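Residue-level structure breakdown
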Amino acid sequence: MTEGSEGEGRLILPALVLAASSIDPPSLIVNISLIEIAQVFGVSISLAGQIQSINSVLGVAFALLIGAVSVRYRYRTLLVGGLVINLASAAFCTVAPNFTLLISSFAAMGLVSALVTPMVYALIGELYPTDQRTKKIGVLAALRSLIYLAMVQLIGYVVGHWGWRSAFLFLVIPLASIASVSTLRLIPDVHMAAPPGRANTMDGYRGVWASRSAMTCLFGNFLSAASWMGVVMYSVSYLRDRFLLPISAASLIFSGLVVGVIVGNYTGGNIAARYSRKRTLVLSSLLTGVLIVAYLSTPSVSATLLVVSCMSVTGGVVLTLANSLVLDQVPSYRGTVMSANSAAAQLGTALGASAAGLALHFFGWLAVGVILSVIQMTASVIYQLGVKEEESMR
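From a predicted model like this one, the values you see are computed outputs, not experimental measurements.

**Topic: the nonpolar core**
Counting 87 residues, the largest nonpolar core has L16, I51, L79, F99, L102, V120 and W164 as its most contacted members. The contacts of W164, once residues within four sequence positions are left out, are I29, S33, E36, I37, V40, F41, C93, L102 and V159. In terms of nonpolar packing, the next biggest core, distinct from the first, is built from 23 residues, W228, L245, A250 and A359 among them.

Shown next as structure tokens:
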């Protein structure tokens, strides 16, 4: 390898981080600006919130579709396609004259999510050897979370001073443009194990379905997503309701949770490099389950802070290792596997939100903790009994 190619090789991971991070701001803008969007178009806040709901439903459908399509096209081609659609979606959101066009423009983000995140992971699987993948995934997840945390503050500032349209114009469009160019220039257009254009569109799903270990890993990731996203969605509300904290204090604790996840993302990759990924995932998942119920039943704010500092780190480890393990289950069809994993994660998010909401409505916060904890520990058992790490190492 020449000195120039070595330099470009070192830029592959930053380019992948930039690509993955460039699709996060649109959802953040909508979440932060729901009240302003509702006021601009004269709709209720609850109706404005359906922008995200439609996006999530379409995201599952598109993820399953891309899982089939990915066996016929190169991963980088699909990734660039997702980044370009993200750019176009942001441009239309910036100038949308009515609520219907805004929903239609933002709905494209479901396709963007289905294209970008699975292809980023698939490219990691193709571009890095087995002994480096988990570390690279950990670094990717940690940096993406760090950028996400910074974007929360930056978007809040831009929306507060110039409005939500300006956030799309000055943040999303430039970031999506840079991500598209860096992907084309820095990420190799590698060949896949199954030659693009020659495979049947259903070959990928047949390969995944034939692997009991892959299907089990996907189901475990579905449950892990349900448990963790249930915690994330209700954390600020729990802290405000249980301890009567102001929103600023609850948000600060939540920011600490995100920082802990970043630490877990990074350390998870390093721990798994020394020990078995599966063993580390199972133990981290079990511990996270225990800490979830402890978090949602702590008697004081100080105890909550202690539990959050531990739970967020173990949760970050689970997120990194779950993606690393599923990535290598069916090497010939990584695009299909990661697309299916994306669909599983979104379905898991819906399950976590529904289960936690029902538990809170009928029983209270302790029940939320128990249910989410049981879901997480069930995932641990599934990983232990059904996932074969040696199969993922082929």
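**Quick notes on the environment of A214**
If you trace the backbone, A214 turns up in helix α12 (residues 212-243). By relative accessible area, which is 1% here, A214 ends up buried. Setting aside its immediate chain neighbours within four residues, A214 contacts V208, Q329 and V330.

**Things to note about a nonpolar patch on the surface**
Taken together, the side chains of L358, F362 and F363 define a hydrophobic patch exposed on the protein surface, amounting to about 410 Å² of accessible area. Relative to the elements of secondary structure, F362 occurs in helix α16 (residues 334-362). According to the relative accessible area criterion, F362 is exposed, its value standing at 57%.

**Comments concerning the side chain of N55**
Inspection of the secondary structure puts N55 in helix α6 (residues 50-69). Judged by its relative accessible area of 8%, N55 falls in the buried class. For N55, the contacting residues outside a window of four places in its chain are S27, F106, A107, M109 and G110.

**Section: the packing of helix α11 (residues 203-210) against α12**
Orientation of α11 relative to α12, taken along the N-to-C sense of each, is 90°, at an axis distance of 5 Å. On the basis of their axis angle, the class for α11 and α12 is roughly perpendicular. Contact residues: α11 offers V208, W209 and A210, while α12 offers R212, A214, M215 and L218.

**Let's talk about the packing of aromatic side chains**
Per the counting criterion, the structure on display carries 10 aromatic pairs. Ring centres of F41 and F99 lie 6.1 Å apart, and the angle between their planes is 55°; on these two criteria the pair is classed as tilted. Of this pair, F41 sits in helix α4 (residues 34-41) while F99 sits in helix α8 (residues 99-127), and the two are 58 residues apart along the sequence. Taken individually, F41 and F99 each receive the classification buried, so the pair is uniform in this respect. The interplanar angle of 70° and the centroid separation of 5.2 Å between the aromatic rings of Y238 and W365 together place this pair among those described as edge-to-face. Taken together, the residues span a long stretch of sequence, with Y238 in helix α12 and W365 in helix α17 (residues 365-386) at a distance of 127 residues.

Definitions and cut-offs
- Residues numbered from 1 in each chain as written.
- Predicted model: local features only at pLDDT ≥ 70, side-chain atom pairs only at ≥ 80, totals over all residues.
- Heavy atoms only, no water.
- Core = buried A, V, L, I, M, F, W, Y, C linked by side-chain atoms within 4.5 Å.
- Buried < 20%, exposed > 50% of the residue type's maximum accessible area, 1.4 Å probe, protein only.
- Contact = heavy atoms within 4.5 Å.
- Helix = DSSP H or I, 4+ residues; strand = E, 2+ residues; numbered from the N terminus.
- Patch = residues over 30% accessible without salt bridge, like charges linked within 9 Å, V, L, I, M, F, W, Y side chains within 5 Å.
- Areas by Shrake-Rupley, 256 points an atom, 1.4 Å probe, with all protein chains shown as cover.
- Salt bridge = Lys/Arg side-chain N within 4 Å of Asp/Glu carboxyl O.
- Axes fitted to C-alpha atoms, helices over the stretch in contact; angles between N-to-C directions.
- Parallel < 35°, antiparallel > 145°, perpendicular 65-115°, else oblique.
- Phe/Tyr/Trp six-rings, centres within 6.5 Å; stacked < 30°, edge-to-face > 60°.

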